[in-house]
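# Descriptive analysis of the structure
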Amino acid sequence: MKIEKIHIYGFGKWNDEWFEVPSSLQIITGPNESGKTSIKQFILYVLFDLPAAKKKIYAPKHGKILGGRLFIRTGQGKTVIVERTAEQKEVRCFLDNGTIEGESYLNLLLKGMDRQTYEDIFAFGDRDLAKIREIKGEDLGKVLFGIGLTGSERIFMLERSLEKKCGEWFKKRGKNPIINEHLRRMKEMQNRINQYEQQEQDYQEIIQNISELVKRANEMQRKKDELEHEQLTLNAYRQVKEAIQQYKLLSAELTNYQDVSNFPHNGLSRLSDLKNQSFPLISELRGLLQNIKETEQEIHDYKRKKLSDDIFKQLSDIEQMVSDYEQLKREWETKKKEWESGRKSLEKELELTGLPLTIEEIHSLNLSVYTKHQWKDICRAREQLFQESEQIDQDIEQLEREKTNIEESLASLRQNMIPSWELNEIEKKLEMHRAEEVKKQLMNEQEQQIKHVQLLQDKLNKSRKIAITISPGFLLLSVFLFFSLESQTGVFMTSSLFFISLLVSFVLGLIVKQLGNQGKTVIPKHSEKDVLSETELTVLKEKRKQHQHITVKIEQHEARLMNLTAELNQLEGKQHTLNRRRYRFKQQIKEEMGKYPFLKGIDVSHWPSVYQELEKIQRYTGNLDEKKAEIIRLEEELNQIQTKISQLGSQLNLVTTDSETCLKQLLTLYRNELNLRESIYREEQRLNTMTKKAEEIKQKLKPYEQEVQQLLHMAGVEDEQDFQRMGRKYDEKQKLKEKQDYWYRQIQAVFEGQAPEMIKATIDWDELEYRRQNIQDEHDRLAKEIQEISQEIADFRARKKQLEESETLSEKRHELSLLKNELKKYARQWAVLKTASSLIDRTKRVYQKEYLPEVIERTSLFFEQLTRGNYIRVHQPEPAGTIEVEDRNHVRFHVMELSEGTAAQLYVSLRLALSVVLNEDFNLPFLIDDAFVHFDRYREEEMYAILNKLTSRQQLLYFTCHDPKLTSFEEKSIINLEKQTFSL
């Protein structure tokens, strides 16, 4: 599985960001706070989700959606887009064929691995490096069990928890564990059961006595209950005696009220209600009729005071005329005040400018846009000339000062230079030292050759001895052959053989001599009188380096002096050009002062502001002229309105002194007439409303009158007085019936459905009282006997209770049974915990036996490569022991004896080995977070070489705050977060 692209919608500091991951080894670099951890957590979030608390930490701050997508290439070459956001309930997986899968497909893609297991096996960082010193053999077994080095504590805690819980349940010699406590209690319970078996017989006799007394008491109680029931019946008769007597008396009295039987129910109250309901309407009708009469009189009086319609028509436009007149007058007064105020402000502002000009002269000035730009250009040119002149002076001064400093520095450097003769001497000594070094190297090589020659010398000595032995014998043989063959072969043949023998003997002699000379080769001695010591060599090299450094500085200073001279010449040329521009500037100022004499005595820098003031004054002058024309127009319109007012006042015979008084009189007359006509209209409307309302009230009163007549008809009377008399008699009858009903309810409360029969029956009250007294006496006798029997039962029960409270045999047996059941339950739980602990231990040993040798072997290979052969082997630790390593000299070191960097390399090697072993089953990306902080440059290069090899089988993402400067990486393999972009 390989991640090819990352698209973050919103996560931490990232918003709508894309990252290409083209390489199998992708380095993501950036300073602290650049977002590396956010990218790592984003990958884990998309694959495994995050807890709600962590989601809040990485929630984007700018309103973006939390989440994003990973573009993943599966082992089958298919592309799957995995998307997870905070708004979705679960993850979505987009396949090549267009289908969308959910969480189950992602779990299948991850082969069921959860977030914790993934982080423990395929992710680690610099914070985990120190854990190598704490890892034991049993921890490695836990790692291979699927937990990972950073999670080995959890397996340990689980085992400890199981052991602790097993100990809480049972120990062979323990007292506090639960099962031990139950066994102790069961033993004590059996002893007490034996004691209570002796008391069981007494207890059974007490139970039999109690049973007999209870039967006797129950029989007496039954008789007592029967007497109480009969007594209750007699008491009930006694209780309703008065009620029955009163009910019969009231029944006889009600026979005198037969004539009011047809009177309507609640007739008096109904008549009273009708009167009360109709009274407001009657009162309102009377008031309305009085108001109608008064309103008709007021309307008549108003109409006598009203003006004729012709006069009212002439006054209809006066209100608009008054409004127009007042508005025009207000505008005229406002405009006049504004003109006078503007004139005074303009004169005051002109006075503040100090210009020798009047308002009219300024108004007549021809100030064009060209003049405005011309004056600004002159001011700007003056400022520019001043700045350039000041800048040139500063540059010249700075260059002169720099030139002086360089000349002084040159003098000082030349004084510190080494004389030429001393420099030559230093070079000569260094050359001799180099020659001696070469000679020494050659001597070392010669010594090696001499050792080889010495090995050959022994062989040569043996050969020389053989030659010395053979040469004399060969010479004697030659003489013997010469004399013996001379007579047989002739002189020539004999001489030839003799000379050949002599030649051979001579050659053998030369060989023997040469071998002797070679055996006497002398090894030359090496003289070290011309070799310099390390201190002398360092001093000479430092002097030569210092001389070279001074020489370079002198050359740099001389070149700078030449540049400074050229720059000074350029500045003098600029200064000459600036003087010519300054002359043309003065001529331009004279021309402007000729056009505008008032500019004399005003500094050029103030000319733009003078132009603005003049332009503003001209603009204000134009505004004042417009206001003056408006004032004249308003005066003409006011005169026209005054003429109309005077004519209308004359027509209405008004005596006026001026137009305004006449206008006010006309307006008052018009408004009075309007009020009068409005009053007439309102009173007529009011009269119509009251008339209609009076008719409505009359219609409302008709139902009340009809209902009163109906009540009189029902009672059979002609007037309301007879109705009132019959109604009072009807009320008396109702009160008697209520009393009768009261006594009937008293009887019914006691006898319920038998009340009518009790009222009709004839009862002898004296006989009832005698029977009730006899029953009471019998009841008291039975109650006394029952009390005596109850006391006997209480005594027996007290004894029985005493035996029961002292824990009876049955209770003890029951408790013993309960303890046995609880013991079985606890034993089953203890067996489950013990079985789980055994299974974990057995599984751990199986994983350790199968995978640990391979993990240790791969760890050794990685560790040897990282340390460049300084350490050649990592030894598998004992279950309770820690890791040991072996160096190239076969010396073992404990992990606590290693340096910080070496221990970190051992941890990284172990993690990589674990990943390689488990990657065969889970081909997932490996996330490394700045885990090489303790590596030097050489070991970091080795680490990257190892990672490059691993990428053939697994993708690796390395997050670091250091910028990798290794030439072995392609540019596309590095994502620089500081630039927020990456190169492809």
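If you're wondering where the values come from, they're calculated on a predicted model, not measured in any experiment. (Residues numbered from 1 in each chain as written. Predicted model: local features only at pLDDT ≥ 70, side-chain atom pairs only at ≥ 80, totals over all residues. Heavy atoms only, no water.)

Another aspect to go through is the overall build of the protein chain. Scanning the protein chain from N- to C-terminus turns up 25 helices and 15 strands. Residue burial in the protein chain is summarised as follows: out of 984 residues, 35% are buried. Expressed as a percentage of contacts within the protein chain between residues at least 6 apart in sequence, the contacts between residues at least 24 apart total 75%. Of the roughly 62,400 Å² of accessible surface on the protein chain, a fraction of 50% belongs to carbon and sulfur atoms. (Helix = DSSP H or I, 4+ residues; strand = E, 2+ residues; numbered from the N terminus. Buried < 20%, exposed > 50% of the residue type's maximum accessible area, 1.4 Å probe, protein only. Contact = heavy atoms within 4.5 Å. Areas by Shrake-Rupley, 256 points an atom, 1.4 Å probe, with all protein chains shown as cover.)

Below, the discussion takes up the packing of aromatic side chains. The final tally for this structure, using the stated rule, is 11 aromatic pairs. When the ring centre of Phe71 is taken as reference, the NZ or CZ atom of Lys5 above it lies at 5.6 Å. (Phe/Tyr/Trp six-rings, centres within 6.5 Å; stacked < 30°, edge-to-face > 60°. Lys NZ or Arg CZ within 6 Å of the ring centre and 35° of its normal.)

A few words now on the sheet that holds strand 6 (residues 92-94). Taking strand neighbours across the sheet as the criterion, the six strands line up as 2-1-4-5-6-7 in an open arrangement whose pairing is antiparallel. A single partner strand is all that each edge strand has here, and the edge strands are strand 2 (14-20) and strand 7 (100-101). (Pairing = 2+ DSSP bridges.)

Attention shifts here to unusual backbone geometry. Glycine aside, residues mostly have negative phi angles, and peptide bonds mostly take the trans form. Despite not being glycine, Asp49 has its phi angle at roughly 70°, a positive value. In this fold, Asp49 is placed in the loop between helix 1 (36-48) and helix 2 (52-57). Using a relative accessible area of 25% as the deciding quantity, one classes Asp49 as partly exposed. Positive phi is not limited to glycine here, since Arg868 has a value of about 55°. Mapped onto the fold, Arg868 is located in the loop between helix 23 (809-866) and strand 9 (871-875).

Further remarks concern the pattern of salt bridges. Inspection of the entire model under this criterion finds 29 salt bridges. Of the charged contacts in the structure, one is a salt bridge between Arg380 and Asp377, with a shortest N-O distance of 2.8 Å. Taken as a pair, Arg380 and Asp377 lie in helix 14 (residues 369-416) at a separation of three residues, close to a single helical turn. Owing to a relative accessible area of 49%, Arg380 belongs among the partly exposed residues under this scheme. Take Asp377: its relative accessible area is 38%, and that puts it in the partly exposed class. One salt bridge in this structure joins Glu683 and Arg686, with 3.4 Å as the shortest N-O distance. Within this pair, Glu683 and its partner Arg686 are both found in helix 19 (residues 659-715), separated by three residues, close to a single helical turn. The buried category is assigned to Glu683, whose relative accessible area is 14%. One network of salt bridges, in which partners are shared, links Asp49, Lys55, Arg84 and Glu103. (Salt bridge = Lys/Arg side-chain N within 4 Å of Asp/Glu carboxyl O.)

A sheet is described by the order of its strands in space; here three strands give the open sequence 9-10-11, paired in antiparallel fashion. In the strand order of this sheet, the two ends are held by strand 9 and strand 11 (892-894), each with one partner. Each strand of the sheet is rotated relative to its neighbour by a mean of 30°, with strand direction disregarded. Of the pairings in the sheet, the one linking strand 10 (residues 884-887) to strand 11 comprises three bridges and is antiparallel in character. The partner of Glu884 across the bridge, within strand 11, is His894. (Axes fitted to C-alpha atoms, helices over the stretch in contact; angles between N-to-C directions.)

Time to look at the UniProt feature "coiled-coil region" (unreviewed entry) in the protein chain. Under the present numbering, the feature "coiled-coil region" (unreviewed entry) in UniProt falls on residues 179-260, 285-349, 382-463, 540-581, 617-651, 680-714 and 765-829. Regarding residues 617-651, the helix share stands at 100% and the strand share at 0%, and the terminal C-alpha atoms are separated by 52 Å. Across residues 680-714, the secondary structure splits into 100% helix and 0% strand, with the terminal C-alpha atoms separated by 53 Å. (UniProt positions renumbered as here; feature names shortened; annotations may be inferred.)

The next subject is the nonpolar core. Counting 79 residues, the largest nonpolar core has Ile6 and Leu947 as its most contacted members. Counting residues per element, this core draws most heavily on helix 24 (residues 900-919), at 12 residues. Ile6 has contacts with Glu17, Trp18, Phe19, Val21, Ile39, Phe42, Ile43, Arg69 and Leu70, leaving out every residue within four places of it along the chain. Core analysis: the second largest hydrophobic core is formed by 36 residues, Ile392, Leu413, Val610 and Ile617 among them. (Core = buried A, V, L, I, M, F, W, Y, C linked by side-chain atoms within 4.5 Å.)

A separate point is the pairing of strand 4 (residues 67-73). When you tally the buried positions in strand 4, you get six out of seven residues, the bulk of the element. Taken together, the seven bridges between strand 1 (residues 2-11) and strand 4 define a ladder with antiparallel strand orientation. By the bridge assignment, His7 is partnered in strand 4 with Arg69. Strand direction decides the pairing type here: strand 4 and strand 5 (residues 79-85), joined by seven bridges, are antiparallel. Bridged to Phe71 within strand 5 is Ile81. Connecting the antiparallel pair strand 4 and strand 5 is a turn made up of five residues, with Gly77 showing a positive phi of about 85°.

With that settled, the discussion passes to a positive patch on the surface. Taken together, the side chains of Lys820, Lys824, Lys825 and Arg828 make up a positively charged region of the molecular surface. The topology assignment puts Lys820 in helix 23. (Patch = residues over 30% accessible without salt bridge, like charges linked within 9 Å, V, L, I, M, F, W, Y side chains within 5 Å. Lys, Arg positive; Asp, Glu negative; His and termini not counted. Charge placed at Lys NZ, Arg CZ, Asp CG, Glu CD.)

A few words on the packing of helix 14 against helix 18 (residues 607-651). Direction vectors running N to C along helix 14 and helix 18 enclose 155°, while the axes themselves pass 8 Å from each other. In this view, helix 14 runs roughly antiparallel relative to helix 18, as classed from their interaxial angle. Together, Val369, Thr371, Lys372, Trp375, Lys376, Ile378 and Cys379 of helix 14 and Trp607, Pro608, Val610, Tyr611 and Glu615 of helix 18 make up the contact between the two elements. (Parallel < 35°, antiparallel > 145°, perpendicular 65-115°, else oblique.)

Here the focus is the side chain of Ser679. Tracing the sequence through the fold places Ser679 in helix 19. Of note is the side chain of Ser679, whose polar atom sits 2.9 Å from the backbone oxygen of Asn675. (Polar contact = N/O pair within 3.5 Å; in protein donor to acceptor, adjacent residues only side chain to side chain.)

Moving on, we get to the packing of helix 12 (residues 318-353) against helix 19. At a closest axis distance of 9 Å, the pairing of helix 12 and helix 19 adopts a crossing angle of 140°. Every pair of crossing elements has a handedness; the one defined by helix 12 and helix 19 is left-handed. Counting all contacts with helix 12, which are made through Ile318, Glu319, Val322, Tyr325 and Lys329, the residues of helix 19 involved are Glu660, Leu663, Leu666, Leu667, Tyr670 and Arg671. When its residues are assigned to classes, the contact of helix 12 with helix 19 shows seven nonpolar, no polar and four charged. (Left-handed = near helix turned anticlockwise from the far one by under 90°. Nonpolar A, V, L, I, M, F, W, Y, C, P; charged D, E, K, R; others polar.)

Moving on, we get to helix 1. Helical geometry note: an α-helix holds 3.6 residues per turn, so side chains three or four residues apart project in the same direction. Between the first and last C-alpha of helix 1 there are 18 Å, a value that for 13 residues agrees with the 18 Å anticipated at 1.5 Å per step. Within helix 1, 12 of the 13 residues are buried, leaving the element largely enclosed by the surrounding structure. Along helix 1, the positions that sit buried rather than exposed are Lys36, Ser38, Ile39, Lys40, Gln41, Phe42, Ile43, Leu44, Tyr45, Val46, Leu47 and Phe48. Downstream of helix 1 by a residue or two, Asp49 has a phi angle that is positive, lying close to 70°. (Expected span 1.5 Å × (residues − 1).)

Before going further, it helps to spend a moment on the environment of Trp375. For Trp375, the position within the fold is in helix 14. Take Trp375: its relative accessible area is 0%, and that puts it in the buried class. Through-space distance from the C-alpha of Trp375 to that of Tyr611 is 8.0 Å; in sequence the pair is 236 residues apart. Those residues in contact with Trp375, other than ones at most four positions away along the chain, are Glu592, Tyr596, Phe598, Leu599, Trp607, Pro608, Val610 and Tyr611.

Our focus in this paragraph is the pairing of strand 10. Direction of pairing for strand 9 relative to strand 10: antiparallel, over a ladder of four bridges. Each residue of the ladder has a partner; that of Val874, found in strand 10, is Val885. The antiparallel hairpin formed by strand 10 and strand 11 contains four residues in its connecting segment, where His890 sits at a positive phi of about 65°.

A word on the confidence of the model for the protein chain. Mean pLDDT over the protein chain stands at 77; residues scoring 70 or higher make up 82%. Ranking the elements of the protein chain by mean pLDDT puts strand 15 (residues 981-982) last, at 40, and strand 6 first, at 94. Taken together, the stretch residues 142-153 has pLDDT below 50 and engages in 43 contacts with residues farther than four places along the chain or on a different chain. Note on residues 519-529: pLDDT is under 50 here. Beyond four places in sequence and across chains, it has 11 contacts. (pLDDT = per-residue confidence, 0-100.)

Next up on the list: helix 10 (residues 267-305). The end-to-end C-alpha separation of helix 10 is 58 Å, in line with the 57 Å expected for 39 residues at 1.5 Å each. Its axis deflected by about 30° at Ser278, helix 10 carries its strongest bend there, up to four residues before the proline Pro280. Gly267, Leu268, Leu271, Leu274, Ser278, Leu281, Leu285, Leu288, Ile292, Thr295 and Ile299 are the residues of helix 10 that are buried. Buried-residue contacts for helix 10 involve helix 19 and helix 20 (720-751). (Bend = angle between axes of the 7 residues up to and from the residue.)

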